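# Geometric and topological summary
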Amino acid sequence: MAILYGSETGTAEEIAIELEDMARRLHYQTKMDEMDSFKLSDLLKVSLVVFVTSTTGQGDMPTNTLNFWKNLRREKLNNSNCLGSVKFAIFGLGDSGYRKFNWAARKLQVRLVQLGATEFFRAAEADERHNNGIDSIYLPWKEEFRAALLDKYPLPEGTAPIPDDQLLPPKYSVRVSPTMEPFPPDKSATQSALYSHVDNPAPLSQRRFEYNERQDASFPSWEARADSSWELRTGDSVDTLDKNNVLKDHPSKYLLEKPREIMRYTPPPTRLAIPHGYHVKVIDNSRVTPFDHWQDVRHIAFGVSGGKKTITYIEGLLGQAVLSIYPKNYPEDVQELITLMDWTEIADKPLEMAYKPRRLLAREDGEPSTLRDVLTHNLDITAIPKRNFIRELAFFTDNPDEIERLREFLLPGNEQEFYDYTSRPRRTILELLSDFPGVKIPVDRVLDLFPIIRHRDFSVCNGGESLTKNPHKIKAPNGVLEVFPVRIEILAALVEYKTIIRKPRQGLCSRYLKHLEPGTELTVGISPARGRNVMMPFPKAVERPLIAVATGTGIAPIRALIQERKQLEKDHDIGETILFFGCRNKKKDYHFGGEWGPIDGLRVFPCFSRDDPPEVAADKWERPIKTELEEDIEFGLVMDPDLDKGKRYVQNEIRARAKEVGKLMRKGPIVAVCGSAGKMPVAVRKAFVDVLVGEGVVKDEGEGERWLEHKVIYWEDTW
Ligand SMILES: Cc1cc2nc3c(=O)[nH]c(=O)nc-3n(C[C@H](O)[C@H](O)[C@H](O)COP(=O)(O)O)c2cc1C
């Protein structure tokens, strides 16, 4: 059975891992990987294929499916019945707050059937918005799916499924190198004392040579050699804790009064071999919201070194680029885990990883990673523990109480307890492990158990001249002036909460960004933003008017776009631009508000939801407040029923400026909507349709929708 997933932030991947575990227990030989690791012809080699895919963007396929999807859609396959022998099942993950709910799974299903494949079990569409999230659909589906497998493909006589309380062999192969001495300490880490006993180790070059020899010798599996096409791309990906739209509790409830104490040590700067990575240095990291504001928003600037090629590449992105940050764990957390697991003896010895997960990045300097390296740079030890993790832990403790407690979390009917222990307080893996001191994870299970750190993508918030106009200079600690020909900026809202267990919480990436000091060197990914092609059929698009709608940090890509259009002014007639920007307070989170004045042809309509008197917002189109509030309360977004009464929102402002918007709409503008997902993009689209009807551009709502679909470049970037 092949289990192929498409996942941006790891949820679908977790489901795939669970399904593989289930299949292995039914004695299936399995191959679980991202869709892009599979060729179409590989599908013909397996008996059953299970696809697990989330939907991303606006009804888009996840990044790690794009090659597979492109192959599947090749025109020459039409009517070929080329997948006639393939039997498949699909599990889709989505969020019903998006207009194109579960579209990736639906598109995939339709195409597979078109090409002759047979669906051997019913497809499912799970919804992140459901009370128990994806699980409400997934858990019953999995049980039925298992029963269907046993029914249609019964086990041979005398063979029983492998029970859940029996440990399966590890999937990945990792061990501490048996002959090699520990490597000399990484000066920036906090490990020097550990090496005081090491006398005259063999020279590094010799040890590296021996190590490589062994690695090569034990590298035969086709999985290990499978193509790494994913490495050629980077995609939109969000660390769960950093993803504020899925958090069920309103931030104000768990507001941190004081910033978290700065860690004594920041992560070591060791670089990873990040696909298409760029070496950058932090030039500036400033908080742009006042300290009494609930949210810490950072404007971070990076200097990109590199020659003409880099500059051309970045300029070629036309202000619509995405910068991927690969966060790291903190040395103190890593040390805590090492101590908890009794790994002190082996933590700094090189590892041999004959078969490692595809996403696990090696060190850029070619040195073999130690366990400490892997725990610092690769494995997410502060992620919220998932079911797979907890299930496996029960095998690694001798304490019967711990075994019982761990297994209890997973019993059918205990989903709420599981959620209350893990996601609700956003408990970390590290905390879970300190709650279960009897658990000692063997090192050969490390790669199977811990999730891999995901990069997080940020829209680059500058464009045009500001990318390259003036070389950026900063003084290195040794006094030498360094020059960076390219400057890239991002605007990052850090996620910090105090949860119901009263502990401060930060997303892994938020914490990493918060403490990024100017001068820090790192490797980042820089790639085109999703949907950029729609946005920039260059040069025609710049001549169209731009109606931009942004809330909060959604202003980032819009600012880049506005700067980009500004630069093109010399050679093109740039269309008019209007910007509706929504935030809470003029003085607190009106990001870049001070910049708009001098830009010709741009008009900005800010909407401060907490500043303006209610009568400004009230207009005849306002949707009944009650219904919105009921929705909000249901999703735990609003704590105080009066909180949102009579506020000024972008959708109201669009209606209030109907004449102007209607006029631009007739010219077939670009409409860009950026900010948090959920109600905002829906309400904004509805407002545009109302304006189209109200201004007589179209007759009715249906025609209004079609106008937005066909006459307008409608680009949403919401998360
Ligand atoms: C930026 C972003 C865009 C999304 N777009 C859609 C969408 O268009 N349709 C949908 O049903 N779900 C959408 N979702 C919801 C995800 O599919 C859902 O959260 C899923 O559980 C994520 O799984 P993953 O972590 O494997 O990617 C989106 C989520 C994000 C963060």
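Residues numbered from 1 in each chain as written. Predicted model: local features only at pLDDT ≥ 70, side-chain atom pairs only at ≥ 80, totals over all residues.

## Some words on the overall build of the protein chain
The cut-off we apply is this: Secondary structure elements are taken from DSSP: a helix is a run of H or I of four residues or more, a strand is a run of E of two residues or more, and numbering for both begins at the N terminus. Any residue with 12 or fewer other C-beta atoms within 10 Å of its own C-beta is exposed, any with 20 or more is buried, and the rest are partly exposed; the C-beta atoms used are placed from the backbone. Two residues qualify as being in contact provided that their C-beta atoms, derived from the backbone, are within 7 Å of each other.
When helices and strands are tallied, the protein chain shows 27 helices and 23 strands. Evaluated residue by residue, the protein chain yields a buried proportion of 43% over its 719 residues. When contacts within the protein chain are restricted to residue pairs at least 6 apart in sequence, long-range pairs at least 24 apart make up 80% of them.

## Looking at the packing of helix H9 (residues 331-340) against helix H10 (residues 371-378)
Quick reminder of the rule: Axes, fitted as lines to C-alpha atoms, cover a helix only where it is in contact. Angles between the N-to-C directions of the axes lie from 0 to 180 degrees. Put simply, angles under 35 degrees are roughly parallel, angles over 145 are roughly antiparallel, angles from 65 to 115 are roughly perpendicular, and the rest are oblique. Note on convention: the crossing is left-handed when the near helix lies turned anticlockwise from the far helix by less than a right angle, right-handed when the turn is clockwise.
Where H9 meets H10, the axes come as close as 10 Å, and the angle between the chain directions of the two elements is 130 degrees. Regarding the angle of H9 to H10, the classification is oblique. In the crossing of H9 with H10, the sense of the turn from one axis to the other is right-handed. Contacts from Pro331, Val334, Leu337 and Ile338 in H9 reach Arg372, Leu375 and Thr376 in H10.

## A closer look at the sheet that holds strand E23 (residues 713-718)
The test is simple: Pairing between two strands is assigned when DSSP locates at least 2 bridges connecting them.
Strand order in this open sheet of five strands is E21-E20-E19-E22-E23, and the pairing throughout is parallel. The strands lining the two open edges of the sheet, one partner per strand, are strand E21 (602-608) and E23. This sheet shows a mean twist of 10 degrees between the axes of neighbouring strands, independent of strand direction. Here strand E22 (residues 670-675) runs beside E23; their pairing, made up of six bridges, is parallel. Looking at E23, one finds that valine 673 is bridged to glutamate 716. Helix-sheet contacts for helix H26 (residues 679-694) involve strand E19 (546-551), E22 and E23, and the interaxial angle to E22 is about 155 degrees.

## What to know about the UniProt feature "domain: Flavodoxin-like" (unreviewed entry) in the protein chain
Going by this rule: UniProt positions are given in the numbering used here, feature names are shortened, and annotations may be inferred rather than shown by experiment.
Following the UniProt record, the feature "domain: Flavodoxin-like" (unreviewed entry) maps to residues 1-146 here. Structurally, residues 1-146 is divided into 34% helix and 20% strand, and its ends, taken at the C-alpha atoms, are 13 Å apart.

## Quick look at the site of the ligand
Defined as follows: Working rule for contacts: place C-beta from the backbone, and if it is within 6 Å of a molecule or strand, that residue counts as near it. An automatic or database domain assignment supplies the residue ranges for each domain.
Surrounding the ligand, one finds 27 residues, the nearest of these being Ser7, Thr9, Ala12, Ser54 and Gly94. Lining the shell around the ligand are residues from two domains, each supplying at least three of them: domain 1 (2-152) and domain 3 (234-262 + 278-314 + 455-530).

## Here we look at the sheet that holds strand E12 (residues 456-459)
Taken together, the six strands give an open sheet; going across it, the order is E12-E10-E18-E8-E9-E15, and neighbouring strands pair in antiparallel fashion. Strand pairing shows two members of the sheet lacking a second neighbour, E12 and strand E15 (486-493), which therefore form its edges. With direction set aside, neighbouring strand axes in the sheet form an average angle of 40 degrees. Here strand E9 (residues 297-304) pairs with E15 via eight bridges, running antiparallel. Within the sheet, the bridge partner assigned to arginine 298 lies in E15 and is alanine 492. Each of strand E8 (277-287), E9, strand E10 (321-325), E15 and strand E18 (521-528) is contacted by helix H8 (residues 308-316), which is oriented at about 45 degrees to E15, the strand it contacts most.

## Describing H9
Using the following cut-off: Summarising the geometry, the arc corresponds to the directions from the helix axis toward the C-beta atoms.
Where H9 is concerned, the buried positions are Pro331, Asp333, Val334 and Leu337. The buried residues of H9 occupy an angular sector of 165 degrees when projected down its axis, which confines them to one face. Those residues of H9 that are exposed and aimed more than 90 degrees away from the buried face are Glu332 and Thr339. Where H9 is buried, its residues meet H10 and helix H14 (429-435). Positive phi shows up at aspartate 342, right after H9, with a value of about 60 degrees.

## Here we look at the pairing of strand E3 (residues 49-54)
As a reminder, the rule being used: Whether a crossover is right-handed depends on one test, that the path from the first strand over the helix to the second runs clockwise when the strands point away from the viewer.
Burial analysis of E3 places six of its six residues in the buried class, which makes it a mostly covered element. Two strands pair when backbone bridges link them, and strand E1 (residues 2-6) and E3 are joined in this way by five bridges, in the parallel orientation. Bridged to glycine 6 within E3 is threonine 53. The sheet contact formed by E3 and strand E4 (residues 87-94) spans six bridges and is parallel. When the bridges of E4 are listed, valine 50 appears paired with alanine 89. Following the backbone out of E3, through helix H3 (residues 66-72) and into the adjacent parallel E4, one traces a crossover that is right-handed.

## A word on the environment of histidine 515
Mapping histidine 515 onto the fold places it in the loop between helix H17 (508-514) and E18. On a C-alpha basis, the gap between histidine 515 and leucine 491 in space is 15 Å, while along the polypeptide they are 24 residues apart.

## Quick look at the confidence of the model for the protein chain
Here is the rule: What pLDDT conveys is the predictor's confidence in a given residue, as a value from 0 to 100.
When pLDDT is averaged across the protein chain, the result is 82; 80% of the residues are at 70 or more. In the predicted structure, residues 185-201 sits below a pLDDT of 50 and forms 20 contacts with residues beyond four places in sequence or in another chain. pLDDT under 50 marks residues 213-263. Its contacts with residues more than four places away, or in other chains, come to 103 contacts. Both scores are given for the predicted complex: the pTM is 0.81, the ipTM 0.99.

## Some thoughts on the packing of helix H25 (residues 658-666) against H26
When two helices pack together, their arrangement is captured by the angle between the axes and the distance separating the axes. Interaxial distance between H25 and H26 falls to 9 Å at its minimum, and their mutual angle equals 85 degrees. With respect to H26, the axis of H25 lies roughly perpendicular. Residue-level inspection shows Ala658, Val661, Gly662 and Met665 of H25 in contact with H26, the latter providing Val691, Leu692 and Gly694.

## Here's the deal with the pairing of strand E14 (residues 481-484)
By the bridge criterion, four bridges tie strand E13 (residues 472-475) to E14 in an arrangement that is antiparallel. Considered in E14, the bridge of histidine 472 is made with phenylalanine 484. Connecting E13 to the next strand, E14, in antiparallel fashion are five residues, including glycine 479 with a positive phi near 90 degrees.

## Describing the environment of lysine 39
Note that lysine 39 resides in the loop between strand E2 (31-34) and helix H2 (40-43). Its 14 C-beta neighbours within 10 Å are what place lysine 39 among the partly exposed residues.

## With respect to the nonpolar core
Which entries qualify depends on this criterion: By definition, a nonpolar core groups buried Ala, Val, Leu, Ile, Met, Phe, Trp, Tyr and Cys residues that connect through C-beta atoms lying within 7 Å of each other.
Counting 114 residues, the largest nonpolar core has Leu323, Ile490, Ile558 and Ala672 as the members making the most contacts within it. Of the residues forming this core, the biggest block, seven residues, is contributed by H26. Setting aside residues up to four positions removed in sequence, isoleucine 490 forms contacts with Ile300, Leu323, Phe458, Val460, Cys461 and Ala556.

## Structural notes on unusual backbone geometry
Its identity as a non-glycine residue notwithstanding, histidine 27 has a phi of 70 degrees, on the positive side. Here histidine 27 shows up in the loop between helix H1 (11-25) and E2.

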